[in-house]
Amino acid sequence: MNDLSQAYLAARLAMPVARLVPAWLAAALALEFGPQAPTIAALWSARHPAAVREDGTTGIDERHEEYAELLELLLEHVGRIDSHSISIARWIALSCCGKDHLWEDLGLPERPALGALMARRFPALHAKNVHNLRWKKFFYKQLCERAEVQACRAPSCAECAEYAGCFESATA
């Protein structure tokens, strides 16, 4: 990370969480991640600047055709339906619209943090990922299987520097 990126992130971290993300997401991150929530919110909002409108609502769901399908997939596999789990599912579905690995687009510190979140909140879906595929790829593979589409990849994978590592090693 260069000096400008570090300065930008430091400035974002100084902002109240409620100004970085919608209130529903700020509450969900605080409950799920405690003291790490401000950092995750800052990273998420920096990666998705157009995702949050001034009034705190999100706009990705209207631009991204798979949002509703991804949200439905997550909610079908949630461990417990409550407002917190719905907020976490919305956050994940919105973050799938990002261009990097899902854990990065979520603002998480590393990929295992996403795996742990999936195991906690979406245990049935976590159990289905028997080949330990990257989560965004796995979600889109699930959507493709529902639609009976044979060739399937996540929307921004072709642009990713780690494309070969994800697709050449998968046996699913």
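Refer to the preceding data block for the structure.
Residues numbered from 1 in each chain as written. Predicted model: local features only at pLDDT ≥ 70, side-chain atom pairs only at ≥ 80, totals over all residues. Heavy atoms only, no water.

**Q** Is there a simple way to think about the overall build of the protein in this case?
**A** The helix and strand inventory of the protein stands at twelve helices and zero strands. Its helices and strands in sequence order give the protein the pattern α-α-α-α-α-α-α-α-α-α-α-α, from N to C terminus. When the 172 residues of the protein are sorted by exposure, 45% land in the buried category. Of the contacts made within the protein by residues no fewer than 6 positions apart, 60% connect residues no fewer than 24 positions apart. (Helix = DSSP H or I, 4+ residues; strand = E, 2+ residues; numbered from the N terminus. Buried < 20%, exposed > 50% of the residue type's maximum accessible area, 1.4 Å probe, protein only. Contact = heavy atoms within 4.5 Å.)

**Q** How should I be thinking about the side chain of His-48 in this particular structure?
**A** Within the secondary structure, His-48 is located in the loop between helix 4 (37–47) and helix 5 (60–63). For His-48, a relative accessible area of 5% corresponds to the buried category. Here Asp-105 takes part through its backbone oxygen, which lies 2.8 Å from a polar atom of the side chain of His-48. (Polar contact = N/O pair within 3.5 Å; in protein donor to acceptor, adjacent residues only side chain to side chain.)

**Q** For this particular structure, what's the right way to read helix 7 (residues 83–95)?
**A** Because an α-helix completes one turn every 3.6 residues, residues spaced three or four positions apart along the sequence face the same direction. Between its terminal C-alpha atoms helix 7 stretches 18 Å, which fits the 18 Å expected from 13 residues at 1.5 Å a residue. Extensive coverage of helix 7 is indicated by the burial of ten of its 13 residues. Looking only at helix 7, the buried set comprises His-84, Ser-85, Ser-87, Ile-88, Ala-89, Trp-91, Ile-92, Ala-93, Leu-94 and Ser-95. (Expected span 1.5 Å × (residues − 1).)

**Q** Honestly, unusual backbone geometry in this entry has me stumped. Any pointers?
**A** Excluding glycine, residues mostly have negative phi values, and the peptide bonds linking residues are mostly trans. The backbone of Asn-132 sits at a positive phi, close to 50°, despite the residue not being glycine. Along the polypeptide, Asn-132 turns up in the loop between helix 10 (123–128) and helix 11 (135–146).

**Q** Looking at this structure, how should I read helix 3 (residues 23–33)?
**A** Listed in full, the buried residues belonging to helix 3 are Trp-24, Leu-25, Ala-26, Ala-28, Leu-29, Glu-32 and Phe-33. Where helix 3 terminates, the next one or two residues include Gly-34, which has phi positive at roughly 55°.

**Q** Teacher, can you tell me more about the packing of helix 3 against helix 4 here?
**A** If you want to describe how two helices pack, look at the angle between their axes and the distance between the axes. Their axes nearest at 8 Å, the elements helix 3 and helix 4 cross at an angle of 135°. Classified by the interaxial angle, the pair formed by helix 3 and helix 4 is oblique. Considering how the two elements wind past one another, helix 3 and helix 4 form a crossing that is right-handed. Seen from helix 3, the contacting residues are Leu-25, Leu-29, Ala-30 and Phe-33; seen from helix 4, they are Ala-37, Ile-40, Ala-41 and Trp-44. Residues that form the contact of helix 3 with helix 4 fall into these classes: eight nonpolar, no polar and no charged. (Axes fitted to C-alpha atoms, helices over the stretch in contact; angles between N-to-C directions. Parallel < 35°, antiparallel > 145°, perpendicular 65-115°, else oblique. Left-handed = near helix turned anticlockwise from the far one by under 90°. Nonpolar A, V, L, I, M, F, W, Y, C, P; charged D, E, K, R; others polar.)

**Q** Explain the environment of Glu-65 to me, please; I cannot follow it from the model alone.
**A** Assignment of secondary structure puts Glu-65 in the loop between helix 5 and helix 6 (67–76). Considering only alpha carbons, one finds Glu-65 and Cys-97, 32 residues apart in sequence, at a separation of 9.7 Å.

**Q** How do you make sense of the nonpolar core when you look at a structure like this?
**A** Counting residues in each nonpolar core, the largest one holds 42 residues, and the members touching the most others are Leu-74, Trp-91, Ile-92, Met-118, Phe-122 and Phe-139. Going through the elements one at a time, helix 3, helix 4, helix 6, helix 7, helix 8 (102–106), helix 9 (111–121) and helix 11 are the ones with two or more residues in this core. Apart from residues no more than four positions distant in its own chain, Phe-122 is found in contact with Leu-74, His-77, Val-78, Gly-79, Ser-85, Ile-88, Ala-89, Ile-92 and Leu-117. (Core = buried A, V, L, I, M, F, W, Y, C linked by side-chain atoms within 4.5 Å.)

Take it as geometry only, folks, not as evidence of what the structure does.
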